Amino acid sequence: MILLVFVARVADSLLLVASTDQMRSSDSQDTMDVYKSQARQILRKLDARSPARCSIESGPYTFHYVISECCCYLAMTHRSYPKRLIFQYLEEIARDFAEEVARDCGGDWRSAVETVGRPYAFIKFDKTLQRKRKAYANPGDRANQSKIDSEIADIHNIMKRNIDEVLNRGERLDHLVESTSTLKHEAAKYKWGAKKFHAMAVWQQYAPFVAVGACCLFVAWLKLR
């Protein structure tokens, strides 16, 4: 079952449309809120260097996303959900989203997505997400089994990550930046100390000659008076 679907702008992780399905448990709302938060954090970590397709494991669930053009299409499923099928689903909603926005905005859908300033601006697409989610709900259906067997979606090059690795990456990068800044500061202090030490060594080496020269000049000046 596909429990959560987000479509977001990659540049700033602005949510364009979201669709969720309730979990069947006593603490379903709290649990879903936790995974929604994780999904948003994943979106905030994405940038131009992120892999175009990735699966991120989190407890009994897995987040899968596809980056296409300027958008990220992210879904959460149970771990047992076939990877080939979920990526076919994501590729399909990516095409449908582009087509629907193009129809509504006169053809230039990328410009519409890149310039929109409010979240959930394309919430109308949720109807399509719900319809598609129902169609892909049961991997054992004959139609979905046929999609799996067709092997249209190539899953061999999809990166596999863990949620802790993804969410802590930013903290590690922040620590690396802080450490690098400290090292630069210490290196600058060392460089200044080295220059000062070198100047003192040069002065100690030539100070006697300077003193003798100064004395000679002083004596010569006295004689000339």
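Residues numbered from 1 in each chain as written. Predicted model: local features only at pLDDT ≥ 70, side-chain atom pairs only at ≥ 80, totals over all residues. Heavy atoms only, no water.

(A) Highlighting the overall build of the protein. Across its full length, the protein holds 6 helices and 6 strands. Starting at the N terminus and ending at the C terminus, the protein contains elements arranged as β-β-α-β-β-β-α-α-α-α-β-α. Across the protein, contacts joining residues at least 24 apart in sequence account for 64% of those joining residues at least 6 apart. A total accessible area of about 13,900 Å² is found for the protein, and carbon and sulfur atoms account for 56% of it. (Helix = DSSP H or I, 4+ residues; strand = E, 2+ residues; numbered from the N terminus. Contact = heavy atoms within 4.5 Å. Areas by Shrake-Rupley, 256 points an atom, 1.4 Å probe, with all protein chains shown as cover.)

(B) The arrangement of the packing of aromatic side chains in detail. For the coordinates displayed, the defined rule picks out 6 aromatic pairs. Between Tyr-35 and Tyr-61 the ring centres are 4.9 Å apart and the planes differ by 75 degrees, which places this aromatic pair in the edge-to-face class. One end of the pair, Tyr-35, is in helix α1 (residues 28-45); the other, Tyr-61, is in strand β4 (residues 61-68), and 26 residues separate them in sequence. Here the two residues Tyr-35 and Tyr-61 agree in accessibility, since each one is buried. Relative to Phe-63, the ring of Tyr-35 has its centre 6.3 Å away and its plane inclined at 50 degrees; by these criteria the two rings are tilted. With a gap of 28 residues between them, Tyr-35 in helix α1 and Phe-63 in strand β4 connect regions that are remote in the sequence. Judged by relative accessible area, which is 1%, Phe-63 ranks as buried. Chaining the aromatic ring pairs together yields one cluster made of Tyr-73, Phe-97, Phe-122 and Phe-125. (Phe/Tyr/Trp six-rings, centres within 6.5 Å; stacked < 30°, edge-to-face > 60°. Buried < 20%, exposed > 50% of the residue type's maximum accessible area, 1.4 Å probe, protein only.)

(C) The pattern of salt bridges, seen in detail. Under the counting rule described, the total for this entry stands at 7 salt bridges. Residues Asp-47 and Arg-49 are paired through a salt bridge, measuring 3.5 Å at the closest nitrogen-oxygen approach. According to the relative accessible area criterion, Asp-47 is partly exposed, its value standing at 26%. A residue is classified by how much of its surface remains accessible, and Arg-49, at 75% relative accessible area, is exposed. As a salt-bridge pair, Glu-92 and Lys-132 come within 2.4 Å of each other at their nearest N and O atoms. Taken together, the residues span a long stretch of sequence, with Glu-92 in helix α2 (residues 83-105) and Lys-132 in helix α4 (residues 126-135) at a distance of 40 residues. Comparing Glu-92 with Lys-132 shows no difference in burial state: the two are buried. (Salt bridge = Lys/Arg side-chain N within 4 Å of Asp/Glu carboxyl O.)

(D) Broad picture of α1. Across its 18 residues, α1 extends 26 Å between first and last C-alpha, which sits within 8% of the 26 Å expected from 1.5 Å per residue. Taken together, the buried positions of α1 are occupied by Ser-28, Thr-31, Met-32, Tyr-35, Lys-36, Gln-38, Ala-39, Ile-42 and Leu-43. The arc enclosing the buried residues of α1, seen along the axis, measures out at 160 degrees, which places them on a common side. Of the exposed residues in α1, the ones pointing more than 90 degrees away from its buried face are Asp-30 and Arg-44. (Expected span 1.5 Å × (residues − 1). Arc of directions from axis to C-beta.)

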